Every structure is written in C-alpha cells, then in structure tokens.
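Close look at the chain arrangement
The residues making up each chain are set out below.
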Amino acid sequence: MLELKDICVSFRSERQDRVFGHTRQQVLFDVSLSVKKGTCLGILGESGSGKSTMGRVLCGLLRPDSGEALLDGIPVYGSRAGRRNLQNKLSVVFQDYTTSANPRFRVKDVIGEGLTVRERREKRRLDRPREIARLLELVGLPADFAGRFPHELSGGQLQRVCIARAVACSPEVILFDEAISSLDAHTQVQIMDLLRELKEKLGLTYVFITHDLTSITYLCDDVLFLYQGHVTEYLPVSRISETKDEYARRLLESIVVFDTEERKDAV
Ligand SMILES: Nc1ncnc2c1ncn2[C@@H]1O[C@H](COP(=O)(O)OP(=O)(O)O)[C@@H](O)[C@H]1O
Ligand SMILES: [Mg+2]
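For clarity, every value in this text was computed on a predicted model and none was experimentally measured.

1. With respect to the overall build of the chain
- Helix and strand counts for the chain come out as 10 helices and 10 strands.
- Taken over the C-alpha trace, the chain has a radius of gyration of 19 Å; the compact-globule value for 267 residues is 18 Å, and the two agree within 12%.
- Viewed in the frame of its principal axes, the chain has a C-alpha envelope of about 60 × 50 × 35 Å.
- Taken across its 267 residues, the chain has 48% of its residues classed as buried.
- For the chain, the exposed area adds up to about 13600 Å²; of that, 48% sits on carbon and sulfur atoms.
- With 38 positive and 38 negative side-chain charges, the chain shows a separation of 8 Å between the mean positions of the two kinds.

The structure is reproduced here in structure tokens:
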C-alpha cells in the first residue's frame, strides 16, 4: 500500500565550491521499498544514514529530487489529492516526545490534535471526552491522565500519549521514527508490546525506523538496511541471518538477537 520508487534526495551543502557555487550532498540514492497492508517494515541504519530523510519523504514532508512515493497507488507529491490521501491515512510518531508534545498542552489537548484531524476528515463533531477516555484506555493509561501536563508523565507514559494521538485520527499507516529509542530497555519492550497489540486490534500497517536491530526482530516482518543513503539489504526478518550484505552482517554480529520469549524473560 505504501511504496517508494527510486527515491533520490540531496541537500545543499554548506561547503561552497569556487567554480560551481554551492554543491549538493546526496543523502538518498535510488531508494525503493514497498510495504504491504498489515505488515511492519523496519528501516535500520546507523546515525546519518538517511533514515529520517526517508521518513520525511514517506510522510509527505520532503519532496524528493527524483523518484516516486505512492500511497495506495496515488502519488504523494504533485497534487492536492495525493497530499490529502496521505493526511487521511498516515500518522507519525517521533522520538522526541518532549518536543513533539506541546508542554503547555494537557494530555487531552495532545490527543485532541489527532481528533481534530479526524473531525475534519469525517466532517462531524466527535464526543471528545469519550474519545479521549477510549484512546487512553487503548494505550494502557488511566482516564484521569487527560488533565495532566507532559512534565507530569514518565517518558514511557508520554510516548503512550503520542501513540494515542497518532491513532486518534484513525490512520491506516503509522510511521515511527526512533519512537522508542530514548526509552529504557524495559519500557521499550512494554511499548513494543503495545504497538503489536494495536497493530492487530486496529489492522494497522507500520514503518518502524530505528538504529536498533533488536527492536526490528521483535516487531517487524521485513527489514531494510540503509547504509550511507543506499539500500544494502531488504528481506524478511525471518531470513535476516541469511544476509550476505557486509554491513548487515556486521550489525548482526555486534548484537545478540534474543527471540521473543527469551527477551521477555530477560527484562
Ligand atoms: N534539512 C537538511 N539539510 C541538510 N542536510 C540534511 C538535512 N536533513 C538531513 N541532512 C543530512 O542528511 C544525512 C542523513 O540524515 P538523516 O536522514 O537525519 O539520518 P538518520 O535519521 O539516519 O540519522 C545527514 O548527513 C544529515 O546531515
Ligand atoms: Mg533520524
């Protein structure tokens, strides 16, 4: 349902060339991928490899130099209909929950942002207090958290609120960019369990960006390795150990991959 075809992205670099003026630094090179409905694609790469840039292309924030981004066959860029289609179907959760949630907003206002999107799309008013209580329950938080401010929550709780905001607009796809990376290991597992549960319950499709292979094996069906803007490997997680790609191998060897049950026992 979500597709990238030969995406190239470059930025103007700070370095100035005497002859040509500003040079451009290419960050993504012919990146292609396709995410099937109901699956989770993991995007794995070290810092600076271009993951967030790719995420921005996927969620309509950055028009690529060349290539095509499609959602349900409709181009994301180049038409208002494409942009609308994306806004209606895709939500995003970022890493930095402290900046992605306005500190002066209460939890109900943060979740309310997602509800506003849905109200606009469905052209009707929602019963907000009821919806907010339902969403808080869905992400495992007590209903009376609605009146709290972000600083009154733990990192894990706040990330649950951001997840509630993301599902509030009833999306079909959610993009997570390092959404659990700054949480401690125990909380990471709890959030991943929540994400799995929501995916089943709501029939969601995920794109999960991370620099951590362990969370990919826990959550994803397919994995795409990104190295300096190039896709070096793209395969089902179940076949990850068969990879011939040197970069992927290096990552695999540098960590111990727990299977789900062992990992649960370990924390
Ligand atoms: N808006 C921008 N302007 C210039 N360079 C950028 C911009 N955004 C990202 N970059 C550069 O693109 C490269 C990839 O960045 P990014 O996609 O954020 O990587 P990752 O998320 O994998 O850490 C980096 O070298 C970064 O400096
Ligand atoms: Mg990033």
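Read on for the rest.
2. Some remarks on the side chain of serine 91
- Structurally, the position occupied by serine 91 is in strand β6 (residues 90-94).
- Discounting chain neighbours no more than four positions away, the residues touching serine 91 are Ala166, Cys169, Pro171, Val173, Ile174 and Leu175.

3. Some points on the site of ligand 1
- For ligand 1, the full set of nearby residues is Phe11, Gln25, Val27, Glu46, Ser47, Gly48, Ser49, Gly50, Lys51, Ser52 and Thr53.
- Between ligand 1 and glycine 48 there is a distance of 2.7 Å, counted from an oxygen atom to a backbone nitrogen or oxygen.
- Note that an oxygen atom of ligand 1 is positioned 3.1 Å from one of the backbone N or O atoms of glycine 50.
- Out of a free accessible area of 560 Å², ligand 1 has 63% covered by protein chains.
- Mapped by element, the contributors of at least two residues to the shell around ligand 1 are β2 (21-35) and α1 (51-58).
- A per-element tally of the shell around ligand 1 places α1 first, with 3 residues.

4. Considering helix α2 (residues 80-89)
- Within α2, the full set of buried residues consists of Gly82, Asn85, Leu86 and Lys89. The arc that holds the buried residues of α2, viewed along the axis, is 95°, so those residues lie on one side.
- Its buried side turned inward, α2 meets α1, β4 (66-71), β5 (74-75), β6 and β7 (173-177).

Definitions and cut-offs
- Residues numbered from 1 in each chain as written.
- Chains lettered and ligands numbered in written order.
- Predicted model: local features only at pLDDT ≥ 70, side-chain atom pairs only at ≥ 80, totals over all residues.
- Heavy atoms only, no water.
- Helix = DSSP H or I, 4+ residues; strand = E, 2+ residues; numbered from the N terminus.
- Rg over C-alpha atoms; globule rule 2.2 N^0.38 Å.
- Buried < 20%, exposed > 50% of the residue type's maximum accessible area, 1.4 Å probe, protein only.
- Areas by Shrake-Rupley, 256 points an atom, 1.4 Å probe, with all protein chains shown as cover.
- Lys, Arg positive; Asp, Glu negative; His and termini not counted.
- Charge placed at Lys NZ, Arg CZ, Asp CG, Glu CD.
- Contact = heavy atoms within 4.5 Å.
- Near = heavy atom within 4 Å.
- Polar contact = N/O pair within 3.5 Å; in protein donor to acceptor, adjacent residues only side chain to side chain.
- Arc of directions from axis to C-beta.

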